[in-house]
Amino acid sequence: MAMHRETWAFVFGLLGNIISFAVFLSPVPTFYIIFKKKSAEGFQSLPYVVALFSAMLWIYYAFVKREAALLLITINTFGIIVESAYLIIFLIYASKKSRLSTIKLLLLLNVFGFGAMLLSTLYLAKGAKRLAIIGWICLVFNISVFAAPLFVISKVIRTRSVEYMPFFLSFFLTINAVMWFFYGLLLKDYYVALPNTLGFVFGIIQMVIYLIYRNATPVLQAPLKGQELSGGHIIDVVKTGSEHNPGGGGGAVGKF
């Protein structure tokens, strides 16, 4: 029975890898635009910094867990490589102000934040206790990230426009959450399973909202200032929430 359970967990984890792989690559059109225009104006780096941090957390969790963690390691290793590439491109073409804010964010979250967590769990906890602490950190972080789509849902309801909430994006991120939920459930790894429950619920809500407002007449609003004018910014927020977290969700999603 245990072997049967592990086999099914591998199947769901493999499907989760495939879907997450595609989701991680979805911002490629965004960065092609940045490269072509030689400018990152109108786009934000926050979703990619968060995605990188999430992948780093899950890699650390997987290495500490060791048992049945290969599929978490493969997709999040890929995530680290891809998100790092995105951030390098962003830093090359971003304005001085955006570049400095991105560097500060990387230092705060990915260097000092992750470093403090790494050192504290290595030296203040051992064995199962260490794994539990890391697991809870991953769980809480991913639950907070999954809440990001609330911004886009509220915007759709406010504007009566689904322009910034593509149906197929929501659909595939929901399927991705389902794959990782069953992977975690079958392995009795609730640090993986529980956040994806929320990812599934938010995904369903997004698709329902899309179906309600897809034919609605948009409400005209006054132009926003700065980066809020960018559809890429709005989609990036969606991405951060549902993405971006293979093992705990999906990958970064950019503007299509």
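Just above sits the structure.
### A short note on the overall build of the protein chain
Secondary structure summary: the protein chain contains 10 helices and zero strands in total. When the elements of the protein chain are put in sequence order from the N terminus, they spell out α-α-α-α-α-α-α-α-α-α. Looking at the 256 residues of the protein chain, the share that counts as buried comes to 49%. Long-range pairs, those at least 24 residues apart, make up 80% of the contacts in the protein chain with a sequence separation of at least 6.

### Description of unusual backbone geometry
Here the phi dihedral of Arg-160 falls at roughly 60°; this positive angle occurs in a residue that is not glycine. With respect to the element layout, Arg-160 can be found in the loop between helix 7 (149-159) and helix 8 (167-186). A relative accessible area of 36% means that Arg-160 is categorised as partly exposed. For Lys-188, which is not glycine, the phi dihedral falls at a positive 55°.

### Some points on the packing of aromatic side chains
Each pair of aromatic rings is reported with the distance of its centres and the angle of its planes. A complete count under the given rule lists 19 aromatic pairs for this structure. Each member of the aromatic cluster is reached from another via a ring pair, and the members are Trp-8, Phe-12, Phe-181 and Phe-182. Its end group placed over the ring of Phe-35, Lys-38 keeps NZ or CZ at 3.9 Å from the ring centre.

### Here we look at a nonpolar patch on the surface
Together, Trp-8, Phe-10, Val-11, Leu-14, Leu-15 and Ile-18 give the surface a local cluster of nonpolar side chains, amounting to about 540 Å² of exposed area. Here Leu-14 lies in helix 1 (residues 2-25).

### Side note on the packing of helix 8 against helix 9 (residues 190-213)
One can describe the packing of helix 8 onto helix 9 by two numbers: an axis separation of 8 Å at closest approach and a directional angle of 155°. When the axis of helix 8 is compared with that of helix 9, the two are roughly antiparallel. The element helix 8 and its partner helix 9 pack so that their crossing is left-handed. Across the contact of helix 8 with helix 9, the residue classes break down as 16 nonpolar, eight polar and no charged.

### Some thoughts on the nonpolar core
Of all hydrophobic cores here, the largest spans 47 residues; its most connected members are Leu-57, Tyr-61, Leu-72, Phe-114 and Tyr-183. Within the residue set of this core, elements represented by two or more residues are helix 1, helix 2 (28-37), helix 3 (46-65), helix 4 (70-93), helix 5 (96-124), helix 6 (127-146) and helix 8. When residues in this core are grouped by element, the largest group, 12 residues, is from helix 3. Aside from chain neighbours lying at most four places away, what touches Tyr-183 is Ala-9, Phe-12, Gly-13, Ala-68, Ala-69, Leu-71, Leu-72 and Val-192. Listed in part, the eight residues of the second largest apolar core include Ile-153, Val-156, Val-162 and Met-165.

### So, helix 6
For helix 6, spanning 20 residues, the distance from its first C-alpha to its last is 29 Å, which sits close to the expected 28 Å at 1.5 Å a residue. Turning to helix 6, its buried residues number three or more, namely Arg-130, Ile-134, Gly-135, Cys-138, Leu-139, Phe-141, Asn-142, Val-145 and Phe-146.

### Some points on helix 4
The terminal C-alpha atoms of helix 4 lie 35 Å apart, and with 24 residues this matches the ideal 34 Å at 1.5 Å per residue to within 8%. Among the residues of helix 4, Leu-71, Leu-72, Ile-73, Ile-75, Asn-76, Gly-79, Val-82, Glu-83, Tyr-86, Leu-87, Phe-90 and Tyr-93 are the ones counted as buried.

### Brief notes about the pattern of salt bridges
The full count for this structure, using the stated rule, is one salt bridge. In this structure, Asp-189 engages Lys-65 in a salt bridge whose closest nitrogen and oxygen atoms are separated by 2.6 Å. On the criterion of sequence distance, the pair formed by Asp-189 in the loop between helix 8 and helix 9 and Lys-65 in helix 3 is long-range, its members being 124 residues apart. Taking relative accessible area as the criterion, Asp-189 reaches 3% and is therefore assigned buried. Relative accessible area serves as the criterion here: at 19%, Lys-65 is assigned to the buried category.

### Some thoughts on the environment of Tyr-164
Among the secondary structure elements, Tyr-164 is positioned in the loop between helix 7 and helix 8. Given the relative accessible area of 22%, Tyr-164 is considered partly exposed. For the pair formed by Tyr-164 and Ile-153, sequence separation is 11 residues and the distance between their alpha carbons is 9.4 Å.

### Digging into the environment of Phe-181
Tracing the sequence through the fold places Phe-181 in helix 8. Along the backbone, Phe-181 and Asn-196 are 15 residues apart, and their C-alpha atoms lie at a distance of 5.3 Å. Contacts of Phe-181, omitting those with residues within four sequence positions, involve Ala-193, Asn-196 and Thr-197.

Analysis parameters
- Residues numbered from 1 in each chain as written.
- Predicted model: local features only at pLDDT ≥ 70, side-chain atom pairs only at ≥ 80, totals over all residues.
- Heavy atoms only, no water.
- Helix = DSSP H or I, 4+ residues; strand = E, 2+ residues; numbered from the N terminus.
- Buried < 20%, exposed > 50% of the residue type's maximum accessible area, 1.4 Å probe, protein only.
- Contact = heavy atoms within 4.5 Å.
- Phe/Tyr/Trp six-rings, centres within 6.5 Å; stacked < 30°, edge-to-face > 60°.
- Lys NZ or Arg CZ within 6 Å of the ring centre and 35° of its normal.
- Patch = residues over 30% accessible without salt bridge, like charges linked within 9 Å, V, L, I, M, F, W, Y side chains within 5 Å.
- Areas by Shrake-Rupley, 256 points an atom, 1.4 Å probe, with all protein chains shown as cover.
- Salt bridge = Lys/Arg side-chain N within 4 Å of Asp/Glu carboxyl O.
- Axes fitted to C-alpha atoms, helices over the stretch in contact; angles between N-to-C directions.
- Parallel < 35°, antiparallel > 145°, perpendicular 65-115°, else oblique.
- Left-handed = near helix turned anticlockwise from the far one by under 90°.
- Nonpolar A, V, L, I, M, F, W, Y, C, P; charged D, E, K, R; others polar.
- Core = buried A, V, L, I, M, F, W, Y, C linked by side-chain atoms within 4.5 Å.
- Expected span 1.5 Å × (residues − 1).

Bear in mind that shape data such as this cannot, by itself, settle questions of function.
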